[in-house]
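Each chain, letter by letter, is given below.
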Amino acid sequence: MSTTHPGPARVQRSGPGPSAVTPKHLARAKITRQRRGSRLKLWAGLVCTLVVVIPVALARVLPLPGPDQQDLASRRLAPFTDGHLFGTDQLGRDLLSRVLHGGQVSLLVGLLAVVVSGLIGIVLGAAAGYFGGWIDTVVSRLLEAQLSLPLLMMLLLVVALFGPSIPVITFVIAIAQWPEVARLTRSLVLVEREKPYVAAARVLGLHRLAILLRHVLPNVVKQASLVVLLLLAQAVLLESALSYLGAGPQRPFATWGRIISDGQDYITTSWWMVTLPGLVIVALVVGVNLLGDGLRDRARRRKVSTS
């Protein structure tokens, strides 16, 4: 009778094997998260902005009472009472109508201010960054001098000297905001002027101004315009602050800041007179900031992918 002896047992070594997750997968997951985050910012910002901008733009078309139409028998009605979606104020005026018509003034001042500040900032920043020398010195000193001044106090002083009209307030806010655009444009132009295509254009004999206008500026104006978009929220806040302090556009213009100022005496009994206009301002500011951040993230991602 033959017996068979089992062979030597195989020892299975336990240990971590090579991971299936590679650095390439991690990078792809990070890019995916960033893309989803920027897309979420874009959609949220777009929705918040349009929820405010579209009704404000259509204020004169919507079936609403006049913003200055008074009804003393309907004073301080709560929201959703007698067809008043936002309620009424201390004089019986429809609050929603006043908010929408006041938004036209606030948005008009904000848009004009950012356009003017964007033009001034891009022109001076591009000239300082490309030409350098005494131009850069003068622009840099102007930037430092203005940034050292208290913003709101400077605005109040200028408005007190020249009057609280819409052109004056627009110009004052534009002058207050141009340093942000100028600093960014200057830094972008400093980078662009050292690139090979600028040197090639110089070798071909193109004038310096032509190189700046036709080649350098088109490569930086898109990024600078994103900062101009973000400044829209700040311009609306500055106009509302001036109106709240009594230095904004005077009556009969109904601005967001004045609506809040008129209702602050009734905040304990008629909360909607302050809260609802404030929420409209918050929605616009948050929406514009999210929209600008989303566009900036997308621009950075495209720049990285193309470089």
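Each value, and the rule that gives it
- Numbering of residues begins from 1 in every chain and follows the order in which that chain's sequence is written.
- At least 70 in pLDDT is required for a residue's local features to be given in this predicted model, at least 80 for side-chain atom pairs to be given and counted, and no such filter applies to totals for whole chains, interfaces and linings, which use all residues.
- Here the side-chain values reflect all heavy atoms present in the structure, with hydrogen atoms and water set aside.
- Each cavity reported here is a set of points on a 1 Å grid over the protein atoms alone in which a 1.4 Å probe fits but cannot get out, each pocket an open set with protein on both sides within 12 Å along at least five of seven lines, and each lining residue one with an atom within 4 Å of a point.
- Grid points are joined across faces, edges and corners, and a volume is the space filled by probe spheres set on the points.
- A run of DSSP states H or I qualifies as a helix once it reaches four residues; a run of E qualifies as a strand once it reaches two. Both are numbered from the N-terminal end.
- Charged means Asp, Glu, Lys or Arg here, nonpolar means Ala, Val, Leu, Ile, Met, Phe, Trp, Tyr, Cys or Pro, and polar covers whatever is left, Gly included.
- Candidates for patches are residues over 30% relative accessible area with no salt bridge; among them, like charges are joined within 9 Å and nonpolar side chains (Val, Leu, Ile, Met, Phe, Trp, Tyr) within 5 Å.
- Computed with the Shrake-Rupley method and a 1.4 Å probe, the accessible areas treat only the protein chains shown as cover for residues.
- By salt bridge we mean one thing: a side-chain nitrogen of Lys or Arg within 4 Å of a carboxyl oxygen of Asp or Glu.
- Scored between 0 and 100, pLDDT is the confidence that the predictor attaches to each residue.
- Contacts between residues were defined by any pair of non-hydrogen atoms, one from each residue, lying within 4.5 Å.
- Under the pairing criterion, centres of Phe, Tyr and Trp rings, with the six-membered ring standing for Trp, must be within 6.5 Å; the plane angle then separates stacked pairs below 30 degrees from edge-to-face pairs above 60, leaving the rest tilted.
- Three exposure classes are used, based on accessible area relative to the maximum for each residue type with a 1.4 Å probe and protein chains only: buried under 20%, partly exposed in between, and exposed over 50%.
- Axis definition: a line fit to C-alpha positions, over the contact stretch in the case of helices; interaxial angles, taken between N-to-C directions, run 0 to 180 degrees.
- An angle counts as roughly parallel when it lies under 35 degrees, as roughly antiparallel when it exceeds 145, as roughly perpendicular when it falls between 65 and 115, and as oblique in every other case.
- Crossings are classed by handedness, with left-handed meaning an anticlockwise turn of the near helix from the far one by less than a right angle and right-handed meaning a clockwise turn.
- Polar contact criterion, stated in full: a pair of N or O atoms within 3.5 Å, where within protein one must be able to donate a hydrogen and the other to accept it, and residues adjacent in sequence count only if both atoms are side-chain atoms.
- Multiplying 1.5 Å by the residue count of a helix minus one yields the expected span of that helix.
- By definition, a residue's bend is the angle between the axes fitted to the seven residues ending there and the seven starting there.
- This count recognises Lys and Arg as positive and Asp and Glu as negative, with His and chain-terminal groups excluded.
- Note on charges: their place is set at NZ of Lys, CZ of Arg, CG of Asp or CD of Glu.

Peer 1: Would you mind going over empty space enclosed by the protein in detail, with residue names and values included?
Peer 2: In the structure shown here, the tally under the stated rule is 1 cavity of 30 Å³ or more. The computed volume of the largest cavity comes to approximately 50 Å³. Forming the boundary of the largest cavity are D89, Q90, R93, L95, R98, I259, D262, G263 and M273. By residue number, the principal contributor to the lining of the largest cavity is helix α8 (residues 256-263), which donates 3 residues. Broken down by class, the residue content of the lining of the largest cavity amounts to 3 nonpolar, 2 polar and 4 charged.

Peer 1: Kindly report on a nonpolar patch on the surface, identifying the contributing residues and their values.
Peer 2: A surface patch of nonpolar side chains, amounting to about 650 Å² of accessible area, comprises W43, L46, L50, I54, L58, V61 and L62. Its place among the elements puts I54 in helix α1 (residues 23-57).

Peer 1: Could you give me a rundown of the confidence of the model for the protein chain, with the residues and numbers involved?
Peer 2: A residue-level look at the protein chain finds 86% of positions with pLDDT of 70 or above and a mean pLDDT of 82. Across the protein chain, the element-wise mean pLDDT spans from 78 in α1 up to 90 in helix α2 (residues 95-131). A low-confidence stretch, residues 11-15 stays under pLDDT 50, and its non-local contacts, those more than four residues away or across chains, total 0 contacts.

Peer 1: How would you summarise the packing of aromatic side chains if you had to cite specific residues and measurements?
Peer 2: On inspection of all chains with the given rule, the structure shows 2 aromatic pairs. Ring centres 5.3 Å apart and planes at 85° place the aromatic pair Y130 and F131 in the edge-to-face group. Given a relative accessible area of 2%, Y130 falls into the buried group. Owing to a relative accessible area of 29%, F131 belongs among the partly exposed residues under this scheme. On the numbers, 5.8 Å between centres and 85° between planes, the contact of W271 with W272 is edge-to-face. For W272, a relative accessible area of 6% corresponds to the buried category.

Peer 1: Help me get a handle on the packing of helix α4 (residues 151-162) against helix α7 (residues 208-244), residues and values and all.
Peer 2: The angle between the axes and the distance between the axes are what describe a pair of packed helices. Two numbers describe how α4 lies on α7: the axes approach to 11 Å, and their chain directions differ by 60°. By the criterion of interaxial angle, the relationship of α4 to α7 is oblique. Helix-helix and strand crossings are classified by hand; for α4 and α7 the assignment is right-handed. Of the residues in α7, those touching α4 at L151, L152, L155 and L156 are Q234, L238, A241 and L242. Classifying every residue of the contact of α4 with α7 by side-chain character gives 7 nonpolar, 1 polar and no charged.

Peer 1: Quick rundown of the environment of T88? Include the residues and the values.
Peer 2: Of note, T88 is situated in the loop between α1 and α2. Look at T88 and you get buried, because its relative accessible area is 0%. Along the sequence, T88 and S74 sit 14 residues apart, while their C-alpha atoms lie 7.2 Å from each other. Here the side chain of T88 touches S74 through a polar contact of 2.7 Å, landing on its backbone oxygen. Within polar-contact distance, the side chain of T88 engages the backbone nitrogen of R76 at 3.1 Å.

Peer 1: How would you summarise the packing of helix α5 (residues 166-192) against α7 if you had to cite specific residues and measurements?
Peer 2: Following both chains from N to C, one finds α5 and α7 inclined at 155°, their axes separated by 9 Å at the closest point. One way to sum up the angle between α5 and α7 is to call them roughly antiparallel. Crossing of α5 over α7 shows right-handed handedness. A class-by-class count of the residues in the contact of α5 with α7 yields 15 nonpolar, 5 polar and 3 charged.

Peer 1: Summarise the pattern of salt bridges; cite the residues concerned and give the values.
Peer 2: Inspection of every chain in the model, using the stated rule, returns 8 salt bridges. Of the charged contacts, one joins D89 and R93 as a salt bridge, the two residues approaching to 2.8 Å between their closest N and O atoms. Considered together, D89 and R93 belong to a single accessibility category, that of buried residues. Each of D68, D89, R93 and R98 takes part in a single network of salt bridges with overlapping partners.

Peer 1: Could you give an account of α7, with specific residues and numbers?
Peer 2: When the terminal C-alpha atoms of α7 are compared, their 47 Å separation across 37 residues is substantially less than the 54 Å that a helix rising 1.5 Å per residue should span. Most pronounced at L217, the bend in α7 amounts to some 55°, and the proline P218 follows within four residues. G246 lies just past α7 and shows a positive phi near 90°.

Peer 1: Any chance you could break down unusual backbone geometry for me, citing the residues and the numbers?
Peer 2: Its identity as a non-glycine residue notwithstanding, R76 has a phi of 55°, on the positive side. Within the secondary structure, R76 is located in the loop between α1 and α2. A relative accessible area of 33% means that R76 is categorised as partly exposed.

Peer 1: So what's going on with a positive patch on the surface? Residues and values would help.
Peer 2: A cluster of basic residues, R35, R36, R39 and R298, forms a positive patch on the protein surface. Here the positive patch gets 3 residues from one element, more than from any other, and that element is α1. Here R39 lies in helix α1. In this structure R39 comes out as partly exposed when scored by relative accessible area, which is 38%.

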